[in-house]
Amino acid sequence: TSRLIYLTHRITPEGNPMRFDTRFYLAALPPHQIAMAQSEEVAHSVWVTPDSALAGARKEEMPVIRPTRMILESLADFDSWEALTKAYRVR
């Protein structure tokens, strides 16, 4: 948990048929660690850039709910991990 960087908190407006109250965090993988592609809790996973996820959502190839799309749009503005962490560590 020491590697987590708080990003934001999103709550869907009242009246929406599907409600969310969630927090988003950033974290870098430790050096030489490989992300798991599957686990007991996940039926399917994929590791992509924010731009790739947004492109998949636009083509309706990848389901992305609105709160996640908003986060991906924010993340796509950064061209490196260093720029991203510099921006969000200040908050």
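Visitor: What am I meant to see in the overall build of the chain here?
Guide: A count of helical and extended segments in the chain gives three helices and two strands. For the chain, the succession of helices and strands along the chain, N to C, is β-β-α-α-α. Expressed as lengths along the three principal axes of its C-alpha atoms, the size of the chain is roughly 40 × 30 × 25 Å. The buried share of the chain, taken over its 91 residues, is 20%. Carbon together with sulfur atoms contributes 52% to the accessible area of the chain, which is approximately 7,500 Å² in total.

Visitor: Sorry if this is basic, but what is going on with unusual backbone geometry here?
Guide: Its identity as a non-glycine residue notwithstanding, H32 has a phi of 70 degrees, on the positive side. For H32, the location among the structural elements is in the loop between β2 (21-26) and α1 (50-58). The backbone of E60 sits at a positive phi, close to 60 degrees, despite the residue not being glycine. Assignment of secondary structure puts E60 in the loop between α1 and α2 (66-75).

Scoring rules and cut-offs
Residues numbered from 1 in each chain as written. Predicted model: local features only at pLDDT ≥ 70, side-chain atom pairs only at ≥ 80, totals over all residues. Heavy atoms only, no water. Helix = DSSP H or I, 4+ residues; strand = E, 2+ residues; numbered from the N terminus. Buried < 20%, exposed > 50% of the residue type's maximum accessible area, 1.4 Å probe, protein only. Areas by Shrake-Rupley, 256 points an atom, 1.4 Å probe, with all protein chains shown as cover.

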